Amino acid sequence: MYQWRKFEFFEEKNAGKLNKISPPSSSEEENSAAVKIECCSSGRGKVVIGYDDGTISLLDRGLNFNFSFHAHSSSVLFLQHLKQRNFLVTIGEDEQISPQQSSMCLKVFDLDKMHQPEATSTSTSTNSTTPDCIGILRIFTNQFPQAKITSFLVLEEAPPILLIAIGLDNGCIYCIKGDIGRERITRFRLEVDDNRSSSNSITGLGFRVDGQALQLFAVTPVSVTLFSLQDQPPRRQTLDHIGSSVYSVTMSDRLELIIGRPEAVYFYEVDGRGPCWAFEGEKKFLGWFRGYLLCVIADQRNGKHTFNVYDLKNRLIAHSIVVKEVTHMLCEWGNIILIMADKSALCIGEKDMESKLDMLFKKNLYTVAINLVQSQQADAAATAEVLRKYGDHLYSKQDYDEAMAQYINTIGHLEPSYVIQKFLDAQRIYNLTNYLEKLHEKGLASKDHTTLLLNCYTKLKDVGKLNIFIKSEDGVGEQKFDVETAIRVCRAANYHEHAMYVAKKAGRHELYLKILLEDLGRYDEALHYISGLEPSQAGVTVKEYGKILIEHKPVETIEILMRLCTEDKESVKRGASSAYISMLPSPVDFLNIFIHHPESLMDFLEKYTTKVKDSPAQVEIHNTLLELYLSNDLNFPSISQANNNEDLNLKAVGKLVADGKDSAKETDCFERRDKGLRLLKSAWPSELEHPLYDVDLAIILCEMNAFSEGLLYLYEKMKLYKEVIACYMQAHDHEGLIACCKRLGDSVKGGDPSLWADLLKYFGELGEDCSKEVKEVLTYIERDDILPPIIVLQTLSRNPCLTLSVIKDYIARKLEQESKLIEEDRRAIEKYQEDTLAMRKEVQDLRTNARIFQLSKCTACTFTLDLPAVHFMCMHSFHQRCLGDNEKECPECAPEYRSVMEMKRSLEQNSRDQDQFFQQVKSSKDGFSVIAEYFGKGIISKTSNGSTGAGALGSANTSSGSGL
């Protein structure tokens, strides 16, 4: 043990004299010197001292006297201050009541309950209060004969149960278990050996509680025994046949029994002797404090006592001091308290960790410092700080490998940049690589650390380590580095295969394809990779890199797009539903990849529309196709690039190429426009009200690209006939214009006759000779009576190139027709006048003259008319029985009368329907005739003077139908 280093990790806190407090008297000093400290204990912030006169004193922090009381009449031999409850258990001598009873008693005091003691002549306590004694027990009985008590130990089980072990000099252990305060106890006896002898005196006891297991160590000078108290009866096991003397027995915090012998200190576990430490010298006292072994050793050569504090884990002496003769050793308030034979006390306290580490750092004992913080379970940050300082020390000594080993242990607590800056030199790149590898293994590396590590690999050209780092299978599915950073660095260093491996393993398909396409130009492999992806992933990658693929592999790329956007063969066989098709990607999503390749786009959309007839995006697709079909010029990058690379000296060849290009473009334009016209027609079937494309967009495209065929079709389909003839007028196609009006201006076929009026107006404003066309137009205007002659004359008079001969025949025919109409109207007027006069005469006759009824037969039954009979003013006569209940109107004339009245009500109702009136005026060829008809029927006049007209009409009806 002389090889162990000594340190001053402890310091003396305070020292003083432990004098018993006695009642004031002249002999106080004599009494104080006469009493002897028999026992002591600690716990709950107090130190308890028992004296040989039966007095117990309690000291608080700093060993200051608190109070004392008289516990036993004679002497206090043993005591223990409990931890869980503020109880004090003592063994001492009291007055002997009878010779048969022993004077040895066990008492339990409740230090939380104090009372005023009765004044006695024997009381020596100066305190006015004393704790309650809640239990007194005689130790020796007839079943448990008296012997000398050599050791004492109390175990607190579940309150209020206590287990008290009392060791005797005859090798027996008396055990008392239960609630002593209520006298509910059980006693049993343990024997370390069947042969009782003085050599079996119990010198030490120790309880071991491990779960449900309750065990008791018992030490004698010649043996170490373990009793298993959970067994009934308790099972005895001899661990060793060599024991120890009094006070050199203690328990560690790991529930190990520690005994001291002159040659060494031995540790015992439940299965026997454990490790031993060869500390020479007689062990006066042993103790355990915060993982330290406390030992008071007597040197036989010089008679001095040495107090040592051993750190067994780190194999060092934490403190060593020469002391006087020690009689008791305690641990309380975080200090070690040594009580000497002269009643003086020495308090030794542990220094704080920082002070201990500073002491070690000054001596450059970094390994000791590291072991110290690890053994004392310091926090990880403190340990890392010690490791950092050790690493800095080694770095200053240029021991870079060992320094890096220490820095690696600080990962997770020390900022990596602190270490990285020290090893950025190219000569120390191996150490830096090692550190960065460990940083990644622990998952604490950032993107910059990954970049730096990969750069180290590439500078070292260490492909093997790069492979291990990149292709490591640790953590299934998880990467220990930032994927994007690793790929970027590997690409920059031309380690494309490694970059591709990382991208593929991480499922970063877009990065994998980026390497294939942008760095390696392996387009076929990229297409094959995309084909193996899930449809959703393949769609994303094609959107991102489709431009490159279309430029180099248009046919194969279109095939992939067709597989993505259309159902597979099995779906086709079983009949894919529209819901399934709607889940597929739309071709519209991929339009942007064809931005520089319209030919490929046109090819793709044509194939798609051929295969899929009811796509949800067919309107957008048709719009795109129309734009491609109707555009005047498509870009041809390959041809344009070839022309730009032509040699300037070959101008003639360049001209031929340009001519060939123009010819090809013209042919292509004709073909595309033919496809466009077919699409316009096929995408607007007759059964649909609206086409499968945007009509407004289609019209704009046709106008922008001067595609008259498509424009005419759209206008005609939309029934915009005036726009149709406007196209012919703009093109000065007179023949086509007249033909169009023949087709669209026939009212019988649902056409618009007003087109002929527009056509006549066009020729009237043309400003050139168009006699032939005007005559043909006049033929149809005259046939359908579209315009009055005066309007025709006014319209054609604006064209100075037209002569009167053009309309001579037309005017003659119209005049003759008008003359005939005038003559017919004159005859009709004369007839209406004659009828009116006759009606007025008849009315006057009915009002002024009597009527003679000469009918002899009933109009209804044709039998001879007899009374009672009914005669009507209309000259019809009926039997009264033939009329039934209706005698107010003539059955023969009633239907005609009702029809007249119905006509009257209809005219009155029409007079209130303004919309119908204006609609008739608008739709009629001659609106004036409609107005004249309304005046002629009296509708308008009735509306203006409704009450008067209605009353007059009613009076007339009454007179005409009254009969008498």
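Residues numbered from 1 in each chain as written. Predicted model: local features only at pLDDT ≥ 70, side-chain atom pairs only at ≥ 80, totals over all residues. Heavy atoms only, no water.

**Here we look at the packing of aromatic side chains**
Then comes step 1: This model, assessed by the stated rule, comprises 24 aromatic pairs.
Then comes step 2: Aromatic pair Phe-78 and Phe-152: ring centres 6.2 Å apart, planes at 45 degrees, arrangement tilted. With Phe-78 in strand β7 (residues 75-81) and Phe-152 in strand β11 (residues 149-156), this residue pair connects regions lying 74 residues apart in the sequence. Of the two residues, Phe-78 and Phe-152, both sit in the buried class.
Then comes step 3: Relative to Trp-288, the ring of Phe-267 has its centre 6.3 Å away and its plane inclined at 80 degrees; by these criteria the two rings are edge-to-face. Here Phe-267 is found in strand β21 (residues 265-269), whereas its partner Trp-288 is found in strand β23 (residues 282-289), with 21 residues between them in sequence. An identical accessibility class is assigned to Phe-267 and Trp-288; each is buried.
Then comes step 4: Through successive ring pairs, a cluster of aromatic residues spans Tyr-395, Tyr-400, Tyr-407, Tyr-418 and Phe-423.
Then comes step 5: The ring centre of Tyr-400 lies 4.7 Å from the NZ or CZ of Arg-428, which sits over that ring. (Phe/Tyr/Trp six-rings, centres within 6.5 Å; stacked < 30°, edge-to-face > 60°. Helix = DSSP H or I, 4+ residues; strand = E, 2+ residues; numbered from the N terminus. Buried < 20%, exposed > 50% of the residue type's maximum accessible area, 1.4 Å probe, protein only. Lys NZ or Arg CZ within 6 Å of the ring centre and 35° of its normal.)

**Digging into the confidence of the model for the protein**
Then comes step 1: Of all residues in the protein, 87% attain a pLDDT of 70 or more, and the chain-wide mean is 80.
Then comes step 2: Element-level pLDDT for the protein is lowest in helix α35 (residues 946-961), with a mean of 35, against a maximum mean of 94 in β21.
Then comes step 3: Across residues 21-30, confidence stays below pLDDT 50; counting only partners more than four residues off in sequence or on other chains, it has 11 contacts.
Then comes step 4: Contacts from residues 121-127, a stretch scored under 50 in pLDDT, to residues over four places away or in other chains number 13 contacts. (pLDDT = per-residue confidence, 0-100. Contact = heavy atoms within 4.5 Å.)

**A short note on the UniProt feature "coiled-coil region" (unreviewed entry) in the protein**
Then comes step 1: UniProt records the feature "coiled-coil region" (unreviewed entry) at residues 812-849, using the numbering of this structure.
Then comes step 2: The span residues 812-849 is 97% helical and 0% strand by assignment, and the distance between its end C-alpha atoms comes to 55 Å. (UniProt positions renumbered as here; feature names shortened; annotations may be inferred.)

**What about the pairing of strand β20 (residues 257-260)?**
Within a regular strand, side chains alternate between the sheet's two faces.
Then comes step 1: Side-chain alternation along β20 places Leu-257 and Ile-259 on one buried face and Ile-258 and Gly-260 on a second face that is also buried.
Then comes step 2: As defined by bridge partners, strand β19 (residues 249-251) adjoins β20 across 3 bridges and the pair is classed as antiparallel. Residue pairing in the sheet places Val-249 in a bridge with Ile-259 of β20.
Then comes step 3: Judged from the 4 bridges that link them, β20 and β21 form a sheet pairing that is antiparallel. Pairing of Ile-258 across the sheet is with Phe-267, part of β21. (Pairing = 2+ DSSP bridges.)

**Considerations on helix α29 (residues 805-848)**
Then comes step 1: Here α29 contains 44 residues, and its C-alpha end-to-end distance of 65 Å stays within 8% of the 64 Å for a straight helix at 1.5 Å per residue.
Then comes step 2: When we look at burial in α29, the residues that qualify are Val-806, Ile-807, Tyr-810, Ile-811 and Lys-814.
Then comes step 3: Considering only its buried residues, α29 is in contact with α27 (771-784) and α28 (789-796). (Expected span 1.5 Å × (residues − 1).)

**So, the side chain of Thr-203**
Then comes step 1: Here Thr-203 is to be found in the loop between β14 (184-191) and β15 (204-210).
Then comes step 2: Among the residues examined, Thr-203 registers a relative accessible area of 8% and is labelled buried.
Then comes step 3: Engagement of the side chain of Thr-203 in a polar contact is seen with the backbone oxygen of Ser-244, the distance being 2.8 Å.
Then comes step 4: Once residues lying within four places of it in the same chain are set aside, the contact partners of Thr-203 are Ser-151, Val-219, Thr-220, Pro-221, Ser-244, Ser-245, Val-246, Tyr-247 and Val-249. (Polar contact = N/O pair within 3.5 Å; in protein donor to acceptor, adjacent residues only side chain to side chain.)

**A short note on a negative patch on the surface**
Then comes step 1: On the surface, Glu-11, Asp-352, Glu-354 and Asp-358 cluster together into a patch of negative charge.
Then comes step 2: Mapping Glu-354 onto the fold places it in helix α2 (residues 353-362).
Then comes step 3: Among the residues examined, Glu-354 registers a relative accessible area of 57% and is labelled exposed. (Patch = residues over 30% accessible without salt bridge, like charges linked within 9 Å, V, L, I, M, F, W, Y side chains within 5 Å. Areas by Shrake-Rupley, 256 points an atom, 1.4 Å probe, with all protein chains shown as cover. Salt bridge = Lys/Arg side-chain N within 4 Å of Asp/Glu carboxyl O. Lys, Arg positive; Asp, Glu negative; His and termini not counted. Charge placed at Lys NZ, Arg CZ, Asp CG, Glu CD.)

**Description of the sheet that holds strand β10 (residues 130-138)**
Then comes step 1: In space, the 4 strands of this open sheet follow the order β7-β8-β9-β10, with antiparallel pairing throughout. Of all strands in the sheet, those with a lone pairing partner are β7 and β10, marking the two edges. Going across the sheet, the axis of each strand differs from the next one's by a mean of 25 degrees, ignoring polarity. (Axes fitted to C-alpha atoms, helices over the stretch in contact; angles between N-to-C directions.)

**Digging into the sheet that holds strand β24 (residues 292-298)**
The strands making up a sheet associate through backbone hydrogen bonding, with each pair oriented either parallel or antiparallel.
Then comes step 1: Strand order in this open sheet of 5 strands is β1-β26-β25-β24-β23, and the pairing throughout is mixed. Sheet topology places β1 (5-6) and β23 at the edges, where each strand pairs with a single neighbour.
Then comes step 2: Direction of pairing for β24 relative to strand β25 (residues 305-311): antiparallel, over a ladder of 6 bridges. Bridged to Cys-295 within β25 is Asn-308.

**Some words on the nonpolar core**
The nonpolar side chains of soluble globular proteins are, as a tendency, buried together.
Then comes step 1: Among the nonpolar cores identified, the biggest contains 159 residues, and Phe-307, Ile-336 and Leu-338 are the most heavily contacted of them.
Then comes step 2: If you look at the next biggest cluster of nonpolar residues, it comprises 24 residues, including Val-89, Val-108, Phe-152 and Leu-162. (Core = buried A, V, L, I, M, F, W, Y, C linked by side-chain atoms within 4.5 Å.)

**A look at the pattern of salt bridges**
Then comes step 1: In total, this model carries 29 salt bridges according to the counting rule given.
Then comes step 2: Two residues, Glu-902 and Arg-905, come together in a salt bridge whose shortest N-O distance is 2.6 Å. With a gap of 3 residues between them, Glu-902 and Arg-905 both fall in helix α31 (residues 894-912), about one helical turn apart.
Then comes step 3: For Glu-902, a relative accessible area of 45% corresponds to the partly exposed category.
Then comes step 4: Bridged by salt links that share partners, the residues Glu-823, Arg-826, Arg-827 and Glu-830 form one connected network.

**Concerning the packing of helix α7 (residues 429-441) against helix α8 (residues 447-460)**
Then comes step 1: It is at 10 Å that the axes of α7 and α8 come closest, and there the two elements cross at 140 degrees. One element, α7, and the other, α8, form an angle in the oblique class. Crossing hand, α7 versus α8: left-handed. Together, Ile-429, Tyr-430, Leu-432, Thr-433, Leu-436, Glu-437, Leu-439 and His-440 of α7 and His-449, Thr-450, Leu-452, Leu-453, Cys-456, Tyr-457, Lys-459 and Leu-460 of α8 make up the contact between the two elements.
Then comes step 2: For the contact of α7 with α8, the per-class residue count stands at 10 nonpolar, 4 polar and 2 charged. (Parallel < 35°, antiparallel > 145°, perpendicular 65-115°, else oblique. Left-handed = near helix turned anticlockwise from the far one by under 90°. Nonpolar A, V, L, I, M, F, W, Y, C, P; charged D, E, K, R; others polar.)

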